[in-house]
Amino acid sequence: MPEGHTIHRIANDHTPLLVGMPVRVSSPQGRFEADAARVDGQVLDKIEAYGKHLFYWWANGDVGHVHLGLFGKFRVAKGPDAPDPVGLVRMRMRTDAATIDLAGPTDCTIGTPDDRAKILARLGPDPLRRDAKPQVAIDKMAKSKQPLGAILLDQKVLCGIGNVYRAEALFVNGIHPLRTGTGTDPVELMALWTTMVAMLRKGVKDNRIVTVEARDLDLPRGRRIRRGEATYVYHRDRCLRCGTAIQTVALAGRPCYFCPTCQPQ
Ligand SMILES: [Zn+2]
């Protein structure tokens, strides 16, 4: 599943292609046909990212919602000529600037600002948003007897974090994934939040996940960080910093990678 940086990046990248213009909205696959008709031809005022959710603010007052889930994918074709749809395209948005197709999302619906508010009410703050209130997430974490490795994936506590960033943010702060929220100093929880903000922002800018600091790699000048060296512990056999064999623990249904030396229990 894409982490929050991917969703914010999509909003940034699609904005110049769709926003401020009338958009032809259709559903080549047919499943989104009735909803598409509600906004077809309307001007799109804004694309908003919140955690793993995208909201489309239409000039007629409707608000669209997209959640990519595990399999959702956008395909962008720039220019005024629309290509034939590939596969099952749920939603097609077309302007003079581009055709953007969406296939396989968990959710793609047109609703109202109230529907958006209901979705946001279920979510914790998003570290990537300038209006995020970190204290809301810190307070929830500090009261939780759950392991932090599970809490960080709980979208009700904070949203946008996936399996890579949870492992890497815990590593950078030297926190074992089984440490509970109640067992962690709020100062450390705030440091964890700050780490996640920095990592996610870098992810939006780079359009990929690189959590390793260049100084930990001793790279020749100008050489790009390769895939196998972009993380300290995630999906690695050995810790990038100390060489200890990486372990995993299943938390929130997915393996959380950690270094037993750098993150003592
Ligand atoms: Zn280590």
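Residues numbered from 1 in each chain as written. Predicted model: local features only at pLDDT ≥ 70, side-chain atom pairs only at ≥ 80, totals over all residues.

Visitor: Can you break down the domain arrangement of the protein residue by residue, with the values?
Guide: According to the domain assignment, the protein consists of domain 1 (4–121) and domain 2 (134–258). A C-alpha centroid distance of 30 Å is found between domain 1 and domain 2. Taken together, the contact pairs six residues of domain 1 with eight residues of domain 2. The residue makeup of the side of domain 1 that touches domain 2, split by class, is no nonpolar, four polar and two charged. (Domains from an automatic or database assignment. Contact = placed C-beta atoms within 7 Å. Nonpolar A, V, L, I, M, F, W, Y, C, P; charged D, E, K, R; others polar.)

Visitor: Before we move on, could you go through the sheet that holds strand S3 (residues 53–58) and cite the residues and values that matter?
Guide: Either a parallel or an antiparallel arrangement is found when strands of a sheet pair, and the pairing is made through backbone hydrogen bonds. The sheet built from four strands is open, its strands ordered S2-S3-S4-S8 with antiparallel pairing. Strands with a single pairing partner mark the edges of an open sheet, and in this sheet they are strand S2 (44–50) and strand S8 (107–111). Shown here is a sheet whose adjacent strand axes are inclined to one another by a mean of 15°, direction ignored. Here S2 runs beside S3; their pairing, made up of six bridges, is antiparallel. (Pairing = 2+ DSSP bridges. Helix = DSSP H or I, 4+ residues; strand = E, 2+ residues; numbered from the N terminus. Axes fitted to C-alpha atoms, helices over the stretch in contact; angles between N-to-C directions.)

Visitor: Any details on the packing of helix H1 (residues 4–18) against helix H7 (residues 186–206)? Residues and values, ideally.
Guide: At a minimum axis separation of 8 Å, H1 and H7 run at an interaxial angle of 45°. Considering the angle they form, H1 stands oblique to H7. When you trace H1 past H7, the crossing you get is right-handed. Contacts from Gly4, His5, His8 and Arg9 of H1 reach H7 at Leu200, Gly203 and Val204. The residue inventory of the contact of H1 with H7, partitioned by class, reads two nonpolar, four polar and one charged. (Parallel < 35°, antiparallel > 145°, perpendicular 65-115°, else oblique. Left-handed = near helix turned anticlockwise from the far one by under 90°.)

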